[in-house]
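# Structural description and commentary
Listed below are the residues making up each chain.
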Amino acid sequence: MQEARCIPFENPATGEQFGEVAMSTPAEVTLAHKEMQQAFKIWRKKPIKERVRILRQFQEALIDSMDDISEVINRDTGKSRQDGLIEVTMTVDRMHQYYKHAPKWLRRRSVPRGLYKFKKYYAEPHPYGVVAILGPWNYPFDLTVTPMCSALLAGNTVVLKPSEVTPAVGVLVERLIQRIPELAPFVRVLHGDGSVGAAMVAAQPDLIFLTGSTVTGRKIAEATADTLTPFVFELGGKDPMIVFNEADIGAAAKWGAWGAFYNTGQTCMGVERVYVQAGVYDEFVTAVLEEARRFKIGYSARTDNPYNMGPLTFERQVKIITDHMEDAVAKGAKVLRGGKLDGMFMEPTVMVDVDHSMKVMREETFGPIMPIVKFEDEAEAIFLANDSRYGLSAAVWSSDMRQAKRVAHRLDVGSVNINDAISHYPVSLLPFGGVKMSGNARTHGKDEVLQFTQLRSYAVGGPPLPFDIATIMRSPGHYRLGKAITRFFFGVTPRQRIEPVTELWDEIELEPVVKKTAVAAGLSAILGVVLLGWLRLRK
């Protein structure tokens, strides 16, 4: 019998190994999928209020466990306890809002009848079934737990794979789920590397949700192409920040630096490239260098951690960052501050003389680097900001609010901050998601829950009535009546709407008795539908 492979828990700041978890086997992946298929039959039948009641127990457990969660996040990622707590806060904030609004979001809604005045029509969202969720390592709690809860809230069961880079957080999430007996049967947590993720995809779940890299997104897209398995993904970003002459330069430098260096640059909606107008370029660069100088680097397990930046979490990311810096320097870029690596720790780095031929300006770096480019006018700034295959977020700095809004609406991104950085993400009901290669997922708010559903529609009524226009038009010989109906109900001008009535009336006067009766019936049908519609509106 093959010995189970294990993933160690390793603190990236200290190198300390503080545990391990066995990787899920292919058989366990298959079993988890089958169990969730059976469990779905039970979970989907629970009324939305019942699902909310159960999920609120989980929310209660998270709040009671905040200190434990922040401690595990701290050890597993190297980020501060406070930043770990922020993950928990953002998670329970969204859960709180979703549970409050979900009964309205997920309810049945009536649809206008059109010409079928004697039937009722409605649409309602239905769950997919088994949802496979693959979580990331940079925010391993928030970006794993929230989509899981959203999928469950929508009526799905979940097979969840946390990132193998932060396995201790994944084990903690599993234990927290198991603490809620009414919830545990409807979630399975699998642990492992990309091979486990590939096995989950191969099991053909009803929907796959990924938060991860573009490389991983492509692999899953290729794997799901043959089966046409629905695939929702939030990938990377290369978020631009534009600073105009009219900006508050001190604030732009302070919060731009924070947006670039927060979480050691490992934030998908962080500032990855900066464009500064020529009139304030030198002032901004000087201010940013001063802000970077103030950043304290280090690690502490205490809740009152004094450091602004901890270590990089993933060793592979060190190689990517190094490659981007070396490529830029080789092509003429200058490092004005930082650039040094000490193990997994990296100094906040400011670069100038960069251009779009360099990887640091085109590919997601995911590290504490701020490359700065000078621009002349608004048109150039917009062109440079949009010159990217990514389109997640952006920031615009200007005291001229008309200018800031004008530029914001011309940026090809999912979210824009004006005079701040990253502040859009913590707002629970503000839709978040990208365009272009940043993905098709939408989180935060109604769309996060509804993306885990399929809209189904229903037409309800008795057998067709012989005097219903829709019934009459099923029989041959009513071309003129159909033409009259179309013009009367959908005409753009008064002439188009009135002509059918006058034409039918004229025919009554000219036609023989038999045809008079048929034409009169058609006219009566039109008038009857009009009267019925008016009476329904009066109600």
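Predicted model, so just to flag it, every value in this text is computed and none were measured. (Residues numbered from 1 in each chain as written. Predicted model: local features only at pLDDT ≥ 70, side-chain atom pairs only at ≥ 80, totals over all residues. Heavy atoms only, no water.)

### Section: the side chain of S80
Heads up, the condition is: Counting from the N terminus, the helices are DSSP H or I runs at least four residues long and the strands are E runs at least two residues long. In this analysis, two residues are considered to be in contact whenever any of their non-hydrogen atoms come within 4.5 Å of each other.
By secondary structure assignment, the location of S80 is in the loop between helix 3 (66-77) and helix 4 (81-105). Non-local contacts of S80, meaning those with residues more than four positions away in its chain, are made with N74 and N305.

### Section: the sheet that holds strand 8 (residues 207-211)
Quick note on the threshold: For two strands to pair, DSSP has to find at least two bridges joining them. Where helices are involved, their axes are fitted lines through C-alpha atoms of the stretch in contact, as for all axes, and angles between N-to-C directions lie from 0 to 180°.
Strand order in the open sheet formed by 5 strands is 7-6-5-8-9, with parallel pairing between adjacent strands. In the strand order of this sheet, the two ends are held by strand 7 (187-189) and strand 9 (231-234), each with one partner. Across the sheet, the axes of successive neighbouring strands diverge by a mean angle of 15°, strand direction being ignored.

### Regarding the environment of C268
Formally: Residue exposure (1.4 Å probe, protein chains only): buried if accessible area is under 20% of the type maximum, exposed if over 50%, otherwise partly exposed.
Among the structural elements, C268 can be located in the loop between helix 9 (249-261) and strand 11 (273-277). Under the relative-accessibility criterion, C268 is labelled buried at 7%. Residues C268 and A22, spaced 246 residues apart in sequence, show a C-alpha to C-alpha distance of 29 Å. Dropping the residues within four chain positions of it, C268 is found in contact with N138, E234, L235, G237, D239, E364, F366, L392 and F432.

### Thoughts on the environment of R487
As for its position among the elements, R487 is in helix 17 (residues 479-490). For the pair R487 and P500, spaced 13 residues apart in the sequence, the C-alpha separation amounts to 6.8 Å. Apart from residues no more than four positions distant in its own chain, R487 is found in contact with R495, Q496, R497, E499, P500 and E503.

### Brief notes about helix 11 (residues 315-330)
We count it as follows: Helices are assigned an expected span. That span is 1.5 Å times one less than the residue count.
Taking 1.5 Å as the rise per residue, helix 11 with 16 residues should run 22 Å; its terminal C-alpha atoms sit 23 Å apart, in good agreement. By the burial criterion, the buried members of helix 11 are Q317, V318, I321, H324, M325, D327 and A328. The elements touched by buried residues of helix 11 are strand 12 (334-337), strand 13 (341-342), strand 14 (345-346), strand 15 (349-352), helix 12 (359-362) and strand 16 (369-375). Looking one or two places after helix 11, you find G332, whose phi comes out positive at around 110°.

### What about the environment of D239?
Operational definition: Whenever a nitrogen or oxygen atom comes within 3.5 Å of another N or O atom, the pair is scored as a polar contact, on the condition that within protein one atom can donate a hydrogen and the other can accept it, and that pairs from neighbouring residues in sequence are kept only if both atoms are in side chains.
Counting through the fold element by element, D239 comes out in the loop between strand 9 and strand 10 (240-243). Ignoring anything within four residues of it in the chain, the contact list for D239 reads C268, M269, G270, V271, E272, R273, L392, S393 and A394. Of note is the side chain of D239, whose polar atom sits 3.2 Å from the backbone nitrogen of S393.

### Overview of the confidence of the model for the protein
Inclusion rule: One confidence number per residue, pLDDT, is output by the predictor and ranges from 0 to 100.
Here the protein averages 94 in pLDDT, while 93% of its residues score no lower than 70. Across residues 535-539, where pLDDT falls below 50, the model places 2 contacts with residues more than four positions away in sequence or in other chains.

### Some thoughts on the packing of aromatic side chains
For clarity, the threshold we go by: In this scheme Phe, Tyr and Trp rings, the latter by its six-membered ring, pair at centre separations within 6.5 Å, and the angle between planes marks the pair as stacked below 30 degrees, edge-to-face above 60, and tilted otherwise. Sitting over a ring, as applied to charges here, requires NZ of Lys or CZ of Arg to be within 6 Å of the ring centre and within 35 degrees of the ring normal.
Tallying each qualifying case throughout the model produces 17 aromatic pairs. Centroid distance F244 to F375: 5.6 Å. Interplanar angle 85°. Geometry classified as edge-to-face. Of this pair, F244 sits in the loop between strand 10 and helix 9 while F375 sits in strand 16, placing them 131 residues apart in sequence. An aromatic cluster is defined as three or more aromatic residues linked by ring pairs; in this entry it consists of W137, F314 and F366. In this structure, K79 is placed above the aromatic ring of Y139, and the distance from its NZ or CZ to the ring centre is 4.1 Å.

### A word on the pattern of salt bridges
Our working definition: What makes a salt bridge here is a side-chain nitrogen of Lys or Arg within 4 Å of a carboxyl oxygen of Asp or Glu, nothing more.
Under the counting rule described, the total for this entry stands at 22 salt bridges. Residue D193 is joined to R5 by a salt bridge in which the shortest nitrogen-to-oxygen separation is 3.2 Å. One end of the pair, D193, is in the loop between strand 7 and helix 7 (194-202); the other, R5, is in the segment before strand 1 (6-10), and 188 residues separate them in sequence. E290 serves as the salt-bridge partner of R294, at 3.5 Å between the closest nitrogen and oxygen. Of this pair, R294 and E290 both sit in helix 10 (residues 281-294), separated by 4 residues, roughly a single helical turn. Taken together, the shared-partner salt bridges in this structure form one network comprising E290, E291, R293 and R294.

### A short note on the pairing of strand 5 (residues 130-134)
The condition is simple: Orienting the strands away from the viewer, one traces the path from the first strand over the helix to the second; a clockwise path indicates a right-handed crossover.
Most of strand 5 is tucked away: 5 of the 5 residues are buried. Of the two faces of strand 5, the one carrying V130, A132 and L134 and the one carrying V131 and I133 are both buried. Where the polypeptide runs from strand 5 across helix 5 (residues 142-153) and back to strand 6 (residues 157-161), its parallel neighbour, the crossover connection is right-handed. Pairing analysis gives 4 bridges linking strand 5 to strand 8, with the strands arranged parallel. Paired with I133 across the two strands is F209, which belongs to strand 8.

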